[in-house]
Amino acid sequence: MTGTTPDPSGYAAAYPVEAADPHCLGPDASAELLRGASWTRFAVVGDSLAEGLGDPLPGYRFASWADRVAEALRAVNSGLAYANLGVRGLTAAQVRAGQEDAAARFAPDLLCVVCGGNDLLLPGFSPAVLEKELDLLLSRLAAEGTTVFTYALSDVARAVPELRGGPLDAGVAVLNDVTRAVAARHGALVVEMHGHPASGDRDLYSADLVHFSARGHAVAAAATLRALAAGVLAQPGACRPDSYGSA
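Analysis parameters
Residues numbered from 1 in each chain as written. Predicted model: local features only at pLDDT ≥ 70, side-chain atom pairs only at ≥ 80, totals over all residues. Heavy atoms only, no water. Axes fitted to C-alpha atoms, helices over the stretch in contact; angles between N-to-C directions. Helix = DSSP H or I, 4+ residues; strand = E, 2+ residues; numbered from the N terminus. Parallel < 35°, antiparallel > 145°, perpendicular 65-115°, else oblique. Contact = heavy atoms within 4.5 Å. Expected span 1.5 Å × (residues − 1). Buried < 20%, exposed > 50% of the residue type's maximum accessible area, 1.4 Å probe, protein only. Pairing = 2+ DSSP bridges. Right-handed = clockwise from strand over helix to strand, strands pointing away. pLDDT = per-residue confidence, 0-100. Phe/Tyr/Trp six-rings, centres within 6.5 Å; stacked < 30°, edge-to-face > 60°.

Q: Got a sec to walk through the packing of helix H6 (residues 92-106) against helix H7 (residues 127-141)? Specific residues and values, please.
A: The geometry of H6 relative to H7 is characterised by a closest axis approach of 10 Å and an angle of 0° between their N-to-C directions. The orientation of H6 relative to H7 falls into the category roughly parallel. Where H6 approaches H7, its residues Ala92, Ala93, Val95, Arg96, Glu100, Asp101, Ala103 and Ala104 are matched on the opposing element by Leu130, Glu133, Leu134, Leu136, Leu137, Arg140 and Leu141.

Q: I'd like a description of helix H5 (residues 65-76), backed by residues and values.
A: Taking 1.5 Å per residue as the helical rise, H5 with its twelve residues ought to reach 16 Å, and the 17 Å between its terminal C-alpha atoms agrees with that figure. Here H5 lies mainly inside the structure; nine of its twelve residues are buried.

Q: Provide a residue-level description of the pairing of strand S3 (residues 110-114), including the pertinent values.
A: Most of S3 is tucked away: five of the five residues are buried. Side-chain alternation along S3 places Leu110, Cys112 and Val114 on one buried face and Leu111 and Val113 on a second face that is also buried. The sheet contact formed by strand S1 (residues 41-46) and S3 spans five bridges and is parallel. In the sheet register, Ala43 faces S3, and the bridge partner there is Leu111. Inspection of the sheet shows S3 paired to strand S4 (residues 147-152) by three bridges, in the parallel sense. Considered in S4, the bridge of Leu111 is made with Val148. For the handedness criterion, the β-α-β arrangement of S3, H7 and S4 is classed as right-handed.

Q: Pulling in residues and values, what's your account of the confidence of the model for the protein?
A: In this model, the protein carries a mean pLDDT of 90, and residues with pLDDT of at least 70 account for 91%. Contacts of residues 237-247 to residues separated by more than four positions or lying in other chains number 23 contacts, the stretch itself having pLDDT below 50.

Q: Hey, could you go over helix H8 (residues 167-186) for me, with residue numbers and the actual values?
A: For H8, which comprises 20 residues, the first-to-last C-alpha distance of 29 Å matches the rise-based estimate of 28 Å (1.5 Å per residue) to within 8%. Among the residues of H8, those classed as buried are Gly171, Val172, Leu175, Asn176, Val178, Thr179, Val182 and Ala183. Packing partners of the buried residues in H8 comprise H7, S4 and strand S5 (189-192). Trailing H8 by a residue or two, Gly187 shows a phi angle of about 70°, which is positive.

Q: Report on the packing of aromatic side chains, specifying residues and quantitative values.
A: Geometrically, a pair of aromatic rings is defined through the distance of the ring centres and the angle of the planes. On inspection of all chains with the given rule, the structure shows six aromatic pairs. Taking the centre distance of 5.4 Å and the plane angle of 15° together, the rings of Phe42 and Tyr82 count as stacked. Of this pair, Phe42 sits in strand S1 while Tyr82 sits in strand S2 (residues 81-84), and the two are 40 residues apart along the sequence. A relative accessible area of 23% means that Tyr82 is categorised as partly exposed. Ring centres of Trp65 and Phe149 lie 6.3 Å apart, and the angle between their planes is 75°; this geometry places the pair in the edge-to-face category.

Set out below in structure tokens:
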């Protein structure tokens, strides 16, 4: 899922619905949030949420959250290197086996890890096993000088009430608890999509009620940039050349 980087001067005309959405960010606002950022190598590892699957939606640019974040970063650092290793359908163990080495070789100074959703579908799903896999993955990739972030997934049951109390609702809550615990141990930032003001909007999701729609990707990208700005860039000396160096 990719799209053409919008011209800031024509963004509102090209995507009027997105431009008017209070939960989204246009190019100018994104660049302002990232002012002072010096990340030079951005990598994404994980499953279909990392890869960026989703349905188009009229009025919104058809681009994944990760591509949008990379575009925003490139607007303040034209030399940004970006690698999205995400592959749909993978469990956390498969992500670790298939993407860990490539991500380590890429040597990112900004890294997103998002996986675990497919583990929920396994017979005999074990939160403890998932937690161990995520711990192993972050132990390898959360190197000194690397900003790591992940996601607490949206509560789709707010948008589809018949899902409340069901397996998907309960599974997402468990996955988010595991993700938050692992992130805390490794100093990773959690982008909280669960409880996001837009998470109760049906058009945030694709028809499968699992992946984001084009709007969902735009909202998730905005939430990511806001979280990075508040949780990392707002810290004195954070993400500056004197603390990260050049990659």
